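Descriptive structure summary
Chain by chain, the residues run as shown.
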Amino acid sequence: QVQLVESGGGLVQAGGSLRLSCVASGRTFSMYTMGWFRQAPGKERELVARIVGSGTNTYYTDSVKGRFTISRDNATNTVYLQMNSLKPEDTAVYYCAARNEVRMKYDYWGQGTQVTVSS
């Protein structure tokens, strides 16, 4: 079992920055690929970024490339999402999730943190 707790959301003006954090419980954090997802009202949840257990490989959806950076610290069981040059369309609830590498499914989810970008 993995428990995930996100923090760092809030209200920011367009062009501003926020850093989201997600702390995981358990001793096997480095074995999981971690993802950041978001869901805006009336829209489907989408994968924003992911990072493999070693931190050596990352993926970003096109709309955030060059603005968001995902990173992790396996010593503290934490994954981060640095969000710069925020746009109103980034407004959503952001979730971190841990992927089961056998089933290749995101089995564990945090409770979500709201990010609101005003224009």
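First, a word on scope: everything that follows refers to the structure included in this document. The shown structure was predicted, so the numbers you read here are calculated from the model rather than taken from an experiment. Per chain, residue numbering runs from 1 following the sequence as it is written. Predicted model: local features are reported for residues with pLDDT of at least 70 only, side-chain atom pairs are reported and counted for 80 or more only, and whole-chain, interface and lining totals are derived from all residues. Computation of side-chain values: all heavy atoms of the structure, hydrogens and water removed.

**A few points about the side chain of R72**
Looking at the secondary structure, you find R72 in strand β7 (residues 68–73). Each residue is assigned to one of three classes by its accessible area relative to the maximum for its type, calculated with a 1.4 Å probe on protein chains only: buried under 20%, partly exposed between the two thresholds, exposed over 50%. Just so you know, the count uses Lys and Arg for positive and Asp and Glu for negative, and it drops His and the chain ends. Only one rule defines a salt bridge in this text: a Lys or Arg side-chain nitrogen within 4 Å of an Asp or Glu carboxyl oxygen. Although R72 is buried, it makes no salt bridge; E101 carries the closest opposite charge, 8.1 Å away. Within polar-contact distance, the side chain of R72 engages the backbone oxygen of Y32 at 2.8 Å. A 3.5 Å cut-off defines polar contacts: any pair of N or O atoms within that distance qualifies, except that in protein one atom must be a possible hydrogen donor and the other a possible acceptor, and neighbouring residues in sequence count only when both atoms are side-chain atoms. In terms of polar contacts, R72 uses its side chain to reach the backbone carbonyl oxygen of G53, at 3.4 Å. For R72, the residues in contact, after removing those within four places along its chain, are F29, S30, Y32, T33, M34, I51, V52, G53, G55, T78 and V79. In this description a helix means any DSSP run of H or I spanning at least four residues, a strand means any run of E spanning at least two, and both kinds are numbered starting from the N terminus. By definition, residues are in contact when any of their heavy atoms lie within 4.5 Å.

**What about the environment of V12?**
You can see V12 is positioned in strand β2 (residues 10–13). Sequence-wise, V12 and T91 are 79 residues apart; in three dimensions their C-alpha atoms are separated by 9.7 Å. Leave out the neighbours within four places in its chain, and V12 touches S17, L18, L86, T116, V117 and S118.

**Focus on unusual backbone geometry**
Even without a glycine there, the phi angle at S85 is positive, about 50 degrees. Of note, S85 is situated in the loop between β8 (78–83) and β9 (92–100).

**A short note on the side chain of N77**
If you trace the backbone, N77 turns up in the loop between β7 and β8. Within the local environment of N77, its side chain forms a polar contact with the backbone oxygen of G26, the two atoms lying 2.7 Å apart. The contacts of N77, once residues within four sequence positions are left out, are C22, V23, A24, S25, G26 and F29.

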